[in-house]
Amino acid sequence: MNMQNMKCRFIVNPFFWFTFVWTLILLIHTLNMLEIYPAAPTELFIFMIGILLLSVVFGVIYQKVFLKGRTQIALDNDNPNWVWIIACLGGFILEVLYSRMIPILEVFKGNTSSYQEFGIPHFTFVIVSMTIALTGIASVKLFYGKEHKGIHIATILMCLGIFLLSYSRGILIFAFLIVLAVFLTKIRFSLSTIVFLIVLAVIGSILFNAAGNIRQNAAFNDSTYIMDIAGFKDEYRFLSPFSWVITYVDTPLGNLCYNFVNVEPLNDTTGLLSQLIPDFISKRIFPNYNSSLVLVQPGLTASSMFAGGYKYYGLLGMFLSYIELVALVFICAFVTRKNTKIFLATTASLSIMAAMTFFDNMVTYSGYSFFLIFYIIYRFFAHDDTEYIMSQQVIDYIIINYDDFEELLA
């Protein structure tokens, strides 16, 4: 069995990411770059500060319970998951044949809505979920395994390529960030690491911005569309190369603030329940309920993970949505904890999910959460390694301290 140490554990703590991202969101919103959104009301601001403090507490608990004792990642084998790979690739090919197109090629032809029409009903989200999960497992095997590195790189590139060809920008970024999170556990943080991440974020933002402009049939460097509908203030228009990212970051909290100021919650228990169960179930049982809020700008629809909770039960609904996220994180970590390979893929994925809660409810949005099922299923087909690691640590300790043990036994 191959074992390697995690050099950085906090990077795969979901509550660290939740706290970091939401703190950044609040800071950006206070800059008031977009004219269309109001400042955060005092009551909402205090609620968010309370949630952030609670997340720090949960983060400490998570670190002690799940990360502190799992510094070593054990791989019983790092063989490629060929059946999984073939299923994902074959599924994508079936989608192409069914849809008779490849979305990214259609976008370059001017058909900017093609990605919305791509896929096979009731099948695509399963293939997407399988592909996301495969990305996480292949990343762990790549960075912590000793063999088949070329195949694991090819597997990750295949998965990211599928999302690129599907023009699924959100899921492409999501999957890439899972790979990045796993990679970052292998290195010790330093000034050069921080600089690298900043440079990577800048490059990624520019590419994301260019993709957004192209999708609107504009030149890659023409951000007029997004800056006009978002109401960028004149003093911030110099940030046009990052305008899509800034808008995506500020819009969810902006929409929530607008509704908090102008729209009373419905206080509807059934509606709240509909927001606490997976969307593929909710759409069938409660088809008349959704998380959509009143929008300042119809083209900017994101409203964060708290949208549905606020719509149907105000601050209480928002708090329950947060507690649901907390429960999901601890349950998934607990179920996968005995296999460090699967646990690392799971906690890295949960970390990115927690980071992206500023954009949508990652718990109930099946497109971004259903893939966790494949980790759990895989966990029950894999061998536990916790006992092996613990016994190996004991053996290593005895070897290192052999003279002391010999003296004690004498």
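These numbers were taken from a predicted model, which means no experiment stands behind them.

What counts, and at which threshold
Residues numbered from 1 in each chain as written. Predicted model: local features only at pLDDT ≥ 70, side-chain atom pairs only at ≥ 80, totals over all residues. Heavy atoms only, no water. Helix = DSSP H or I, 4+ residues; strand = E, 2+ residues; numbered from the N terminus. Rg over C-alpha atoms; globule rule 2.2 N^0.38 Å. Buried < 20%, exposed > 50% of the residue type's maximum accessible area, 1.4 Å probe, protein only. Contact = heavy atoms within 4.5 Å. Lys, Arg positive; Asp, Glu negative; His and termini not counted. Charge placed at Lys NZ, Arg CZ, Asp CG, Glu CD. Core = buried A, V, L, I, M, F, W, Y, C linked by side-chain atoms within 4.5 Å. Expected span 1.5 Å × (residues − 1). Phe/Tyr/Trp six-rings, centres within 6.5 Å; stacked < 30°, edge-to-face > 60°. Lys NZ or Arg CZ within 6 Å of the ring centre and 35° of its normal.

Participant: I'd like a rundown of the overall build of the protein, residues and numbers included.
Facilitator: When helices and strands are counted, the protein shows 18 helices and two strands. Against the 2.2 N^0.38 benchmark of 22 Å for 410 residues, the protein shows a C-alpha radius of gyration of 23 Å, consistent with a compact globule. Viewed in the frame of its principal axes, the protein has a C-alpha envelope of about 80 × 50 × 45 Å. Classification of the 410 residues of the protein by burial places 50% in the buried group. In the protein, once contacts between residues fewer than 6 apart in sequence are set aside, the share between residues at least 24 apart is 79%. Of the charged side chains in the protein, 23 are positive and 26 negative, and the gap between their average positions amounts to 4 Å.

Participant: Before we move on, could you go through the nonpolar core and cite the residues and values that matter?
Facilitator: Counting 110 residues, the largest nonpolar core has Phe18, Trp22, Trp84, Tyr144, Phe174 and Phe306 as its most contacted members. Among the elements that line this core, the one with the most residues is helix 5 (residues 124–144), at twelve residues.

Participant: An account of helix 2 (residues 42–67) is requested, with residue identities and associated values reported.
Facilitator: The end-to-end C-alpha distance of helix 2, which contains 26 residues, comes to 36 Å, matching closely the 38 Å that a straight helix rising 1.5 Å per residue would cover. Its buried side turned inward, helix 2 meets helix 1 (14–30), helix 10 (243–262), helix 13 (307–336) and helix 14 (340–355).

Participant: Pulling in residues and values, what's your account of the side chain of serine 223?
Facilitator: The topology assignment puts serine 223 in the loop between helix 8 (191–215) and helix 9 (224–230). Owing to a relative accessible area of 5%, serine 223 belongs among the buried residues under this scheme. Excluding residues that lie within four positions of it along the chain, serine 223 makes contacts with Asn209, Asn213, Ser240 and Ser243.

Participant: Explain the packing of aromatic side chains to me, and be specific about the residues and the numbers.
Facilitator: The geometry of an aromatic ring pair is captured by the separation of the ring centres together with the interplanar angle, meaning the angle of the planes. What the rule picks out here adds up to 37 aromatic pairs. Ring centres of phenylalanine 47 and phenylalanine 306 lie 6.0 Å apart, and the angle between their planes is 85°; this geometry places the pair in the edge-to-face category. Remark: phenylalanine 306 occurs in the loop between helix 12 (279–285) and helix 13 and phenylalanine 47 occurs in helix 2; sequence separation between them is 259 residues. Judged by centre distance (5.6 Å) and plane angle (5°), the rings of tyrosine 248 and phenylalanine 359 are stacked. Taken together, the residues tyrosine 248 in helix 10 and phenylalanine 359 in the loop between helix 14 and helix 15 (366–369) connect sequence positions 111 residues apart. Its relative accessible area of 24% is what places tyrosine 248 among the partly exposed residues. Among the residues examined, phenylalanine 359 registers a relative accessible area of 28% and is labelled partly exposed. Taken together, the ring pairs in this structure connect Phe15, Phe18, Trp22, Phe47, Phe58, Tyr62, Phe66, Phe306, Tyr322, Phe330 and Phe343 into an aromatic cluster. A cation over an aromatic ring shows up here: lysine 186 above the ring of tyrosine 144, its NZ or CZ 4.7 Å from the ring centre. For arginine 379, the ring lying beneath its charged end belongs to phenylalanine 380, and the centroid distance is 5.5 Å.

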